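# Remarks on the overall topology
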Amino acid sequence: MTDKPAGLTHIGETGEARMVDVGAKAETIRSATAEGHVRMKPETLALIETGNAKKGDVIATARLAGIMGAKQTANLIPLCHPLMLTKIAVDIEADAALPGLRVVATASLSGRTGVEMEALTAVSVACLTIYDMAKAADREMEIGAIRLVEKSGGASGDFKRGG
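Residues numbered from 1 in each chain as written. Predicted model: local features only at pLDDT ≥ 70, side-chain atom pairs only at ≥ 80, totals over all residues. Heavy atoms only, no water.

### Digging into the pairing of strand 3 (residues 100-111)
Heads up, the rule is: Each residue's exposure class comes from its accessible area (1.4 Å probe, protein chains only) as a fraction of the maximum for that residue type: buried when under 20%, exposed when over 50%, partly exposed otherwise. Secondary structure elements follow DSSP: runs of H or I no shorter than four residues count as helices, runs of E no shorter than two count as strands, and numbering proceeds from the N terminus. In short, DSSP must find at least two bridges between two strands for them to pair.
Buried residues dominate strand 3, accounting for nine of its twelve residues. As paired elements, strand 1 (residues 28-39) and strand 3 share twelve bridges and run antiparallel to each other. Looking at strand 3, one finds that Thr33 is bridged to Thr106. From the end of strand 2 (residues 87-95) to the start of strand 3, which pair antiparallel, there are four residues.

And the structure:
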């Protein structure tokens with residue numbers, strides 16, 4: 001028999017992967033925000049900002065892809081629960097200092113489990129879409145710093161990065 005590592009809720013008593021039973025948990029308002037970025041050449045960023053990328057409007061397409069990705073999280077991450085999101089917002093801004101695009105996604109709902117994975121998936125899919133749409137101009141782009149920024153609601157309480 002394998003001892004269950006402390007704090008790993010998706011590991012059963014004998015070490016098997018399992019979906020957490022949230023049936024007895026109270027429904028609460030839950031929210032999570034994640035961020036990430038795509039670093040690129042300054043000329044690639046300029047191409048995106050002027051709307052001259054070959055595949056079209058990179059930012060609008062990536063925003064929609066992020067929203068769609070969040071809604072598909074349970075189909076992509078094996079032990080995630082299918083959730084009825086009440087909000088998913090994806091904001092993408094140019095950052096000349098990076099240079100590149102910064103992506104922030106917020107997911108929320110009233111439910112029995114958190115939405116951290118949905119926010120992280122939204123950021124990941126948006127960043128991948130940016131790469132896909134601009135790779136003809138810049139194959140050296142880097143996707144990075146995808147992380148949870150904050151979350152609220154649920155039994156584990158609130159979390160804020162760095163605070």
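### Re helix 1 (residues 42-49)
The condition is simple: Of all possible arcs, the one meant is that of the directions from the helix axis to the C-beta atoms.
The complete set of buried residues in helix 1 reads Thr44, Leu45 and Ile48. Seen from one end, helix 1 has its buried residues packed into an arc of 100°, which puts them on one side. The exposed set on the far side of helix 1, more than 90 degrees from its buried face, consists of Pro42, Glu43 and Glu49.

### Quick look at the pattern of salt bridges
Under the convention used in this document: Any Lys or Arg side-chain nitrogen located within 4 Å of an Asp or Glu carboxyl oxygen qualifies as a salt bridge.
Counted according to the given criterion, the structure contains five salt bridges. For Glu27, the salt bridge goes to Arg112, with nearest N and O atoms at 3.9 Å. Taken as a pair, Glu27 in the segment before strand 1 and Arg112 in the loop between strand 3 and helix 4 (116-134) lie far apart in primary sequence, 85 residues in all. The class for Arg112 is partly exposed, based on a relative accessible area of 35%. The salt bridge partner of Asp132 is Lys55, with a shortest N-O separation of 3.3 Å. With Asp132 in helix 4 and Lys55 in the loop between helix 1 and helix 2 (58-71), this pair connects stretches of sequence that are 77 residues apart. Within the structure, one salt-bridge network assembled from shared partners comprises Lys55, Asp132 and Lys135.

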